[in-house]
Amino acid sequence: MTPISPEERQRVRDLLEVLTRTKSVSGSEDEIASFLENVLEDLGYSVKREKNNVLVNPNKNLIVTAHMDTVPIKREFSLDAAYAYGTGSCDDKASITAILEALREIEELNFGIALFYDEEENGTGSMEYAHRYRPKMAVVMEPTSLNVASTHYGSLEVIVRARGISAHGAHPEKGINAIEECIKFYYHVKSIPGIMSSMQMIRGGSDELVIPERCEGRIEVLFPPEIKSRDVIGAIVRGISHTISIEIKDSYDGTYSRRVDRLLEKALMSIGLIPKRAVMKSWTDALNLAKVGCDVVVWGPGELYRCHTEKERVSIDEIVIAKRALVALNKIVREEEC
């Protein structure tokens, strides 16, 4: 691979800083959507603004996507020689930076661009786009350390509510502890073969020395494409006791890439990289696109496990490499008449 120049690094640093310092917590994407619309128009592209989705060539067979919104700010932007830090720097403004820098170098754009709003909350932007345009293929840019995530896990969210019987804390045998019931239900979910689960919120009890009679929790469940969401739900329901009620939200089956992953791998090889495969085990906009039959792959700079925390960071060099890969992908799309 051609060495990365100081000028390439500096352009990426400068753009990423502007994007990250532009606050865009889910539900507040107006400012960054307007900024991106102006940048794209300055680059000579015709832009469609649909609510806060920012689109270029939205009817193309292959689209490259990223999302504009972030979780609430855990850390402000900062830089050192190798990394950028701060909420949104990686998830997902590093990917937007790579896209914009690629567009500066591309003379004729052969794929579409879709910059979505509301990925972190409800996935509204990608849902609206998917139903309107029904794309055939998509590279969904999310942190994968530039590994090609051709397998995407399915997911669902379980809201669990437990109802117990209150009693003085000195006599737990006289009550039913709703927190304990919630935890027992979680371990039932966790024991289902083939899935991953995490309890991400639990709320109940007080400081009044009383056995709690109510508790609520949120459980995320992830599973490979060969396991279907309906079967996971069936297994979950079989573990419900009389103390528990549940609500199933955001149920998605997983998916495997069919062709788009190979196009991306070809682009990576053309710039001197050996592609590595990965699995995306988090919900992304790819699942909304897959629901309308789109062939999806997830790929981008950064380490997912650090995101949504104060440890979020991204390698500047990974963003430069992602930019180069997108330029190469544009050429491959033209050659293969995608």
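What counts, and where the lines are drawn
- Residues numbered from 1 in each chain as written.
- Predicted model: local features only at pLDDT ≥ 70, side-chain atom pairs only at ≥ 80, totals over all residues.
- Heavy atoms only, no water.
- Phe/Tyr/Trp six-rings, centres within 6.5 Å; stacked < 30°, edge-to-face > 60°.
- Helix = DSSP H or I, 4+ residues; strand = E, 2+ residues; numbered from the N terminus.
- Buried < 20%, exposed > 50% of the residue type's maximum accessible area, 1.4 Å probe, protein only.
- Lys NZ or Arg CZ within 6 Å of the ring centre and 35° of its normal.
- Polar contact = N/O pair within 3.5 Å; in protein donor to acceptor, adjacent residues only side chain to side chain.
- Contact = heavy atoms within 4.5 Å.
- Pairing = 2+ DSSP bridges.
- Axes fitted to C-alpha atoms, helices over the stretch in contact; angles between N-to-C directions.

Peer 1: So, the packing of aromatic side chains: which residues are in play, and what are the values?
Peer 2: Under the counting rule described, the total for this entry stands at 5 aromatic pairs. On the basis of an interplanar angle of 65° and a centroid distance of 5.8 Å, the ring pair of Y252 and W283 is categorised as edge-to-face. Taken together, the residues Y252 in strand β14 (residues 244–252) and W283 in the loop between β16 (277–280) and α8 (285–290) connect sequence positions 31 residues apart. Across this residue pair, the class does not change: Y252 and W283 are buried. Grouped by ring-pair contacts, the aromatic residues F116, Y129 and Y133 constitute a single cluster. In this structure, K291 packs its charged tip against the face of Y252, placed 4.3 Å from the ring centre. Seen from the ring of Y83, R313 lies directly overhead, with NZ or CZ sitting 3.9 Å from the centre.

Peer 1: Explain the side chain of S229 to me, using residue names and the numbers behind them.
Peer 2: Take S229: it is sitting in helix α6 (residues 229–237). At 3.3 Å, the side chain of S229 forms a polar contact with the side chain of S251. With near-sequence residues (within four places) excluded, S229 lies in contact with L156, F223, S251, Y252 and D253.

Peer 1: Describe the sheet that holds β14, listing the residues and the values that go with them.
Peer 2: If you trace the 4 strands from one edge of the open sheet to the other, you get β11-β13-β9-β14, paired in antiparallel fashion. With partners counted over all chains shown, the strands left at the sheet margins are β11 (196–204) and β14, one partner each. Taken over all neighbouring pairs, the strand axes of this sheet differ in orientation by 15° on average, direction set aside. Where strand β9 (residues 154–163) and β14 come together, 7 bridges link them in antiparallel fashion. Counterpart to V160 in the pairing with β14 is I246. Contacts from α6 reach β9, β13 (214–223) and β14, with the element oriented near 170° to β14.

Peer 1: Give me the lowdown on the environment of G302, citing residues and values where you can.
Peer 2: With respect to the secondary-structure elements, G302 resides in the loop between β17 (295–298) and β18 (313–315). Overall, G302 belongs to the buried group, its relative accessible area being 3%. Linking G302 and D92, residues 210 residues apart in sequence, is a C-alpha distance of 9.1 Å. When residues no more than four places from it in sequence are discounted, the contact partners of G302 are C90, P143, T144, S145, V314 and E318.

Peer 1: Describe in detail the side chain of T243, supporting the description with residues and values.
Peer 2: Mapped onto the elements of the fold, T243 is located in the loop between α6 and β14. According to the relative accessible area criterion, T243 is buried, its value standing at 4%. Of the polar contacts made by the side chain of T243, one reaches the side chain of E181; its length is 2.8 Å. Every residue in contact with T243, bar those within four places of it in the chain, is listed here: R161, A162, R163, I176 and E181.

Peer 1: Provide a residue-level description of the sheet that holds strand β5 (residues 83–85), including the pertinent values.
Peer 2: Taken together, 3 strands build an open sheet; the order of strands is β4-β5-β18 and the sheet is antiparallel. Edge positions in the open sheet fall to β4 (78–79) and β18, since each of these has one partner strand only. Sheet topology note: the β5/β18 ladder contains 3 bridges and is antiparallel. Across the sheet, the residue bridging to Y85 is R313, located in β18. Against the sheet, helix α9 (residues 316–335) contacts β4, β5 and β18, and its axis sits at roughly 60° relative to β18.

Peer 1: Just give me the short version of the pairing of β9, but keep the residues and values in it.
Peer 2: Where burial is concerned, most of β9 is hidden: 7 out of the 10 residues are buried. Sheet topology places β9 next to β13; 10 bridges connect them, and they run antiparallel. Across the sheet, S155 pairs through a bridge with L222, a residue of β13.

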